[in-house]
Amino acid sequence: MTYIELITEFWRQDGFKPFNDVDTRFYFLLLNECNIRNWLNPLELQTQ
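In this report, the structure presented in the accompanying data block is examined.

Rules of the game
- Residues numbered from 1 in each chain as written.
- Predicted model: local features only at pLDDT ≥ 70, side-chain atom pairs only at ≥ 80, totals over all residues.
- Heavy atoms only, no water.
- Helix = DSSP H or I, 4+ residues; strand = E, 2+ residues; numbered from the N terminus.
- Axes fitted to C-alpha atoms, helices over the stretch in contact; angles between N-to-C directions.
- Parallel < 35°, antiparallel > 145°, perpendicular 65-115°, else oblique.
- Contact = heavy atoms within 4.5 Å.
- Nonpolar A, V, L, I, M, F, W, Y, C, P; charged D, E, K, R; others polar.
- Salt bridge = Lys/Arg side-chain N within 4 Å of Asp/Glu carboxyl O.
- Buried < 20%, exposed > 50% of the residue type's maximum accessible area, 1.4 Å probe, protein only.

Here the bond from Asn41 into Pro42 is cis, since omega is -5°, no more than 30 degrees from zero. Among the secondary structure elements, Pro42 is positioned in the segment after α2 (21-36). The phi dihedral of Asn38 falls on the positive side, at around 60°, and the residue is not glycine. Looking at where Asn38 falls in the secondary structure, it is placed in the segment after α2.

Looking now at the packing of helix α1 (residues 3-16) against α2. Where α1 meets α2, the axes come as close as 11 Å, and the angle between the chain directions of the two elements is 175°. Looking at the two axes, α1 sits roughly antiparallel to α2. Here Tyr3, Leu6, Ile7, Phe10 and Trp11 of α1 lie close against α2, whose contacting residues are Thr24, Tyr27, Phe28, Leu31 and Asn35. Its residues assigned to classes, the contact of α1 with α2 shows eight nonpolar, two polar and no charged.

This part is about the pattern of salt bridges. The final tally for this structure, using the stated rule, is two salt bridges. In this structure, the salt-bridge partner of Arg12 is Glu9, at a minimum N-O distance of 2.9 Å. Remark: Glu9 and Arg12 occur in helix α1; sequence separation between them is three residues, near one turn of the helix. Using a relative accessible area of 44% as the deciding quantity, one classes Arg12 as partly exposed.

From the geometry alone we can't say anything about function, so treat these as descriptive.
Written as structure tokens, this is what we have:
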């Protein structure tokens, strides 16, 4: 999926069952981090 397709799918799913603020922010944080890192796997983020 492309970046735009992931965002579009997020909003489609949100229409069925809305995500809370924390889930929404976390999802877009992950998308942003993946985009910054050019979608290289594995994605590793520190939690502290």
